[in-house]
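Listed below, chain by chain, are the residues.
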Amino acid sequence: MYTNPQVIEFVTRHTVPVRVHARENHEAFAALGDRFDAHWTPTTLLVDAGGTERHRIEGFLPADQFLPQLALGVAKAAFARKDYAAAERLYRDVVDRYANSDAAPEAQYWAGVSRYRATNDAAALKDTAQAFAQRYKDSSWATKASVWK
Amino acid sequence: MPEEIRWGRDFETALRAAGDKLVLLDFSAAPM
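**Q** Go over the interface of chain A and chain B, please, and point to the residues and values.
**A** Facing the 35 residues of chain A at the interface are 23 residues of chain B. Of all the secondary-structure elements, those providing two or more residues to the side of chain A that touches chain B are α1 (5-14), β1 (15-21), α2 (26-36), β2 (43-47) and α3 (63-80) of chain A. Ranked by residues supplied to the side of chain A that touches chain B, first place goes to β1(A) with seven residues. When the residues that make up the side of chain A that touches chain B are grouped by side-chain class, the tally is 19 nonpolar, 11 polar and five charged.

This is the structure:
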């Protein structure tokens with residue numbers, strides 16, 4: 001997945017990449033594994049500059065699923081720093097660009113939450129629930145949004 | 001744009017360099 005040109009571009013643009021290898025960097029692998037409770041490979045974490053984990057990807061994913069997960073992590077980081085307008089835009093990018101990915105339903109849910117946080121307008125949640133009737137209606141995120149109807 | 005990812009090896013150095021970016025921490029056992 002890290003040989004895919006789009007993944008390389010995304011990783012280079014949005015992250016500072018660090019690799020710890022189970023055998024080649026055993027000491028760092030063990031110490032960071034304990035720190036982040038990561039004891040399986042591949043595990044990919046997106047960590048903010050304060051050292052807080054913002055997203056976790058466990059197990060192999062092909063590039064067309066891995067890339068949306070990275071984008072979801074960047075959106076989560078924006079939400080965590082309470083930049084809700086940016087978070088909504090980033091979550092909607094995941095839905096728009098990677099509509100068929102596993103990350104898309106989760107992104108649609110959090111885009112609605114981000115809009116609600118930014119505007120304090122309950123219509124954001126209602127609209128999101130209605131959007132799930134059109135797309136991703138069988139996802140667990142549609143169930144979670146169903147209370148907003 | 002680079003043709004491959006330039007992996008760092010030191011997490012703390014990456015955190016200090018991150019700024020507005022996120023640190024991507026990859027736990028790997030793949031052949032290097």
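**Q** Pulling in residues and values, what's your account of the confidence of the model for chain B?
**A** Chain-level statistics for chain B give a pLDDT mean of 93 and a share of 94% at 70 or above. Here the prediction assigns the complex a pTM of 0.96, and the interface score ipTM is 0.94.

**Q** Summarise the sheet that holds β2(A); cite the residues concerned and give the values.
**A** Spatial strand order, β1(A)-β1(B)-β2(A)-β3(A): four strands in an open sheet with mixed pairing. The sheet is open, and its two edges are formed by β1 and β3 (53-58) of chain A, each paired on a single side. The average undirected angle you get between the axes of adjacent strands in this sheet is 15°. Pairing of β2(A) with β3(A) involves five bridges; the strand directions are antiparallel. Paired with A:V47 across the strands is A:E53, a residue of β3(A). Helix-sheet contacts for α3(A) involve β2 and β3 of chain A together with β1 (22-28) of chain B, and the interaxial angle to β3(A) is about 160°.

About the cut-offs
Residues numbered from 1 in each chain as written. Chains lettered and ligands numbered in written order. Predicted model: local features only at pLDDT ≥ 70, side-chain atom pairs only at ≥ 80, totals over all residues. Contact = placed C-beta atoms within 7 Å. Helix = DSSP H or I, 4+ residues; strand = E, 2+ residues; numbered from the N terminus. Nonpolar A, V, L, I, M, F, W, Y, C, P; charged D, E, K, R; others polar. pLDDT = per-residue confidence, 0-100. Pairing = 2+ DSSP bridges. Axes fitted to C-alpha atoms, helices over the stretch in contact; angles between N-to-C directions.

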